[in-house]
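Single-letter residue listing:
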Amino acid sequence: MTWSWEYLPSEDHVIDGAPPAFVAEVEKKADELVRAAEALYLDGTSYRGENPRSKTADVPGGMFEYLTVVRHEQIYIVQVTYL
């Protein structure tokens, strides 16, 4: 398995109506978070600890809330705020 990210519950629900430039910034930051998680949790599928708490990431034009689920090797973007 390999790390990735997705919108939860869906892209339409989480980011619908946001400008394309803002969406691009969110997705760029999500890619960075995936690379960081890959480096921190070398084999996430065998991880037995607790998942990190939800966190907020700042991007130009707003921010977003995300969850890291280590055993799924997944970053879930659950809410975005466009300013």
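Data block above holds the structure.
Just so you know, these numbers come straight off a predicted model, no measurement behind them. (Residues numbered from 1 in each chain as written. Predicted model: local features only at pLDDT ≥ 70, side-chain atom pairs only at ≥ 80, totals over all residues. Heavy atoms only, no water.)

Draft legend 1. Region of interest: the side chain of Glu 73. Tracing the backbone through its elements, the reader meets Glu 73 in the loop between β3 (62-69) and β4 (74-82). Despite being buried, Glu 73 has no salt bridge partner; Arg 71 is the closest side chain of opposite charge, sitting 9.5 Å away. Of the polar contacts made by the side chain of Glu 73, one reaches the backbone nitrogen of Thr 2; its length is 3.3 Å. (Helix = DSSP H or I, 4+ residues; strand = E, 2+ residues; numbered from the N terminus. Buried < 20%, exposed > 50% of the residue type's maximum accessible area, 1.4 Å probe, protein only. Lys, Arg positive; Asp, Glu negative; His and termini not counted. Salt bridge = Lys/Arg side-chain N within 4 Å of Asp/Glu carboxyl O. Polar contact = N/O pair within 3.5 Å; in protein donor to acceptor, adjacent residues only side chain to side chain.)

Draft legend 2. The environment of Trp 3, seen in detail. Along the chain, Trp 3 falls in the segment before β1 (4-7). Owing to a relative accessible area of 7%, Trp 3 belongs among the buried residues under this scheme. For the pair Trp 3 and Glu 73, spaced 70 residues apart in the sequence, the C-alpha separation amounts to 4.6 Å. Leaving out residues up to four positions away in the same chain, Trp 3 has contacts with Val 34, Ala 37, Glu 38, Tyr 41, Thr 68, Val 69, Val 70, Glu 73, Gln 74 and Ile 75. (Contact = heavy atoms within 4.5 Å.)

Draft legend 3. View of the pattern of salt bridges. Tallying each qualifying case throughout the model produces one salt bridge. The partner of Glu 32 in a salt bridge is Lys 29, with the nearest N and O atoms 3.8 Å apart. With a gap of three residues between them, Glu 32 and Lys 29 both fall in helix α2 (residues 20-40), about one helical turn apart.

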